[in-house]
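Overview (structure and organization)
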There are 2 protein chains.
Amino acid sequence: MSASISPLAPKSYPDMPAVRGVRMATAAAGIKYTNRTDVLLMVFDKPAAVAGVFTKSKCPSAPVDFCRTNLPHGVARAVVVNSGNANAFTGMKGKAATALTAKSAAEAVGCSENEVYLASTGVIGEPLDASKFAGVLGDMNKTATGDFWHEAAKAIMTTDTYPKVATRTAEIGGVKITINGIAKGAGMIAPDMATMLSFVVTDADIAPAALQALLSAGVGPSFNSMTVDSDTSTSDTLMLFATGAAAADGQKRIETADDPALEGFRSALNDLLKNLAIQVARDGEGATKMLEITVTGAESDAAAKTIALSIANSPLVKTAAAGEDANWGRIVMAVGKAGEAADRDRLAIWFGDVRVAVNGERDPGYSEEAASNVMKQQDIPVRVDLGLGEGRATVWTCDLTKEYVAINGDYRS
Amino acid sequence: MSASISPLAPKSYPDMPAVRGVRMATAAAGIKYTNRTDVLLMVFDKPAAVAGVFTKSKCPSAPVDFCRTNLPHGVARAVVVNSGNANAFTGMKGKAATALTAKSAAEAVGCSENEVYLASTGVIGEPLDASKFAGVLGDMNKTATGDFWHEAAKAIMTTDTYPKVATRTAEIGGVKITINGIAKGAGMIAPDMATMLSFVVTDADIAPAALQALLSAGVGPSFNSMTVDSDTSTSDTLMLFATGAAAADGQKRIETADDPALEGFRSALNDLLKNLAIQVARDGEGATKMLEITVTGAESDAAAKTIALSIANSPLVKTAAAGEDANWGRIVMAVGKAGEAADRDRLAIWFGDVRVAVNGERDPGYSEEAASNVMKQQDIPVRVDLGLGEGRATVWTCDLTKEYVAINGDYRS
């Protein structure tokens, strides 16, 4: 946790209702931090359907390997998350640590080890002493409670400056459903942490395959459309659990993701995922500005997203945002380098509602003052129209500030 | 030009001999800067063979378009380079500016417009008033001289902190050949400049097709293996000219790039290109450290280069270098995100001669002190072995400092 809270933090936090079927507890195991919680246990008293998406890194952490192995079983009884150590690039020691944690969690909760899911965030390459928290899981299970979402979000923070929570409701076949989620972002105070973790739980009764399809589709325009610094973690983990508790109210179990009864749920889930993803971008290290970058008129949605991410990851675009500089030439540069089809002479660019470039040159009515006024806002909408097709995408990022360099560059000792 | 010179600047500059067949002059046209030269004219009194490689940007500058159109003619009589304005994203006005410049240069030198080559570096999107320098090209032609390489290198600087020159000699069929080159880098003081320009001239007699083949092959392990901030300019231009003056000494004209007589020349050219590229990286904005990143044991050379560039472009790796932090976990992250084949459990990483990781975990003999000592050096060699195949690549980059953010983010007003 950083001493100062991001200027882009939410002005208020939502009340987080309990979600039937899940209980949580946290503990301070002293893995790296002092005077704060660093372990989260989530317990599903009845087996919950589970879905997950994980980092595309070729060097994934031991917990990511562990979760991938368990996911085909499709049901979860416990989740253990620790902050302070990523258990990544830790070889056989890392595997031993996940095995010990899973065994301890299974004993604590009374389930099979393949019903346990794990996530770790923090230092890469440092062996994780899982015995530090494995011993407390039994007690945590006893005290775990449903009204604990804010505390859960706090326990998984690394250098996040605020906890990230979101809640939505929907109906499935007339039965009210709740969806709660927490996330942590790629912030780093000790300069070797960077991981996005998010856990979402609903009381809906949805089969694992359908849940996975919903999550896999939902991650594209949310977490996979958000970038802080283009550096993909070894440990990124997004999991969705469905406790099925709403079956008690008569919700008919959903077996496939194309079931028309899912319409409202899908919409609420996607909205929650997007909300959490944006909260992560708003808490990027050193962030003072939020950029929402929309690309339209591309040859395809995929091309639009590639171009939008090229803009969002450009150090020159991000430093210009930090300096409140309406430097639209750098947007041109980032479009040009993306590698996707672009016709310079059809390009148009807007900052907010101010069109700064059109037909491959500066807008005839260009006003530096008007463009600069947009850059002074905390939230800066950028739009690029390519004039080629119907493809479109929106991505979110933050600016690149001296504070980012300080957080990640000042020597750790 | 920045007020302070990069700590990575050369300790001394080489004497730059004249290259027979090329004369140069500079002028202060006041395009953007005051009290400095900003236009360079190179004149070849006899047609020189020409080769060029240009930015891959989909939004290239007007001069890049112009050069590409002329290149098939294969001969050059004049080159005009200006700093202070990139003439990029300037629409029909940009095309008119290149036409005016080419017409003026052709009149000044007495050649055809398709024997003229142009390059511009500076602000993107601002119309370039080419009349500012078009009028002085006649006078420049009259005063142009061969002993002018340092001044030429200075005239094309934007926010470079030092001029970049290099010279090499070789023999072709027993005849001594000289190769001189200048370059400018991706530095920016006014926060909207970023372009790599380089011009290399030899007195060798080499046909255009052979020259192009030499240049196209030479750019891969030199300029295309160097990155400051991953942002590709609209205007990157590297040109190689062969005046053929060595024919007077009996050098037999080279028609194809596979001519065995080129062996020494190719080696000298490649060495010069690499030297200039590294000079550019060492003058990256705000640079305090130079990283030479070598990847071995990849599935292919191309895979090795992708992974090496993933490391070199990682903001987290570059900020760690700035902080002298031996944060090898970020190297693991950058290998993992590159998308090329990698086996976590075969990875090994060295900082200098200090092996910090092996077999997918921290080296058993890891010494934080030894690794940190390497990070305190000005030049930091990083090596990653993937243990998969024979592919290898080396790339160069600089660190990411608060000064980079300041140079590119402080408001231009």
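The name given to chain A in an unreviewed UniProt entry is Arginine biosynthesis bifunctional protein ArgJ, and the organism recorded there is Neorhizobium turbinariae. UniProt's Function (unreviewed entry) comment on chain A is quoted here verbatim: "Catalyzes two activities which are involved in the cyclic version of arginine biosynthesis: the synthesis of N-acetylglutamate from glutamate and acetyl-CoA as the acetyl donor, and of ornithine by transacetylation between N(2)-acetylornithine and glutamate."

Residues and elements named next belong to chain B. With respect to burial, strand 3 (residues 75-85) is a largely interior element, 10 of its 11 residues being buried. The pairing of strand 2 (residues 39-54) with strand 3 spans 7 bridges and is classified as antiparallel. Considered in strand 3, the bridge of valine 39 is made with asparagine 82. Pairing of strand 3 with strand 4 (residues 116-123), which is carried by 8 bridges, proceeds in the parallel orientation. Bridge assignment links asparagine 85 to a residue of strand 4, and that residue is valine 123. In this fold, the crossover linking strand 3 to strand 4 by way of helix 2 (residues 91-109) has right-handed handedness.

Attention now moves to the sheet that holds strand 8 (residues 226-227) of chain B. Residues and elements named next belong to chain B. Strand order in this open sheet of 7 strands is 8-15-10-14-11-12-13, and the pairing throughout is mixed. Among the strands making up the open sheet, the edge pair consists of strand 8 and strand 13 (361-362). Where strand 11 (residues 348-351) and strand 14 (residues 379-385) come together, 4 bridges link them in antiparallel fashion. Within strand 14, the position partnered with isoleucine 349 by the bridge is valine 384.

Moving on to the sheet that holds strand 12 (residues 354-358) of chain A. Residue and element names in this part refer to chain A. Read from one edge to the other, the open sheet built from 7 strands follows the order 8-15-10-14-11-12-13, with strand pairing classed as mixed. The sheet terminates laterally at strand 8 (226-227) and strand 13 (361-362), the two strands that pair on one side only. As defined by bridge partners, strand 12 adjoins strand 13 across 2 bridges and the pair is classed as antiparallel. Bridge pairing in strand 13 links alanine 357 to arginine 362. Across the sheet, helix 10 (residues 328-337) touches strand 11 (348-351), strand 12, strand 13 and strand 14 (379-385), and the angle it forms with strand 11 is around 130°.

Criteria and thresholds
- Residues numbered from 1 in each chain as written.
- Chains lettered and ligands numbered in written order.
- Predicted model: local features only at pLDDT ≥ 70, side-chain atom pairs only at ≥ 80, totals over all residues.
- Heavy atoms only, no water.
- UniProt positions renumbered as here; feature names shortened; annotations may be inferred.
- Buried < 20%, exposed > 50% of the residue type's maximum accessible area, 1.4 Å probe, protein only.
- Helix = DSSP H or I, 4+ residues; strand = E, 2+ residues; numbered from the N terminus.
- Pairing = 2+ DSSP bridges.
- Right-handed = clockwise from strand over helix to strand, strands pointing away.
- Contact = heavy atoms within 4.5 Å.
- Axes fitted to C-alpha atoms, helices over the stretch in contact; angles between N-to-C directions.

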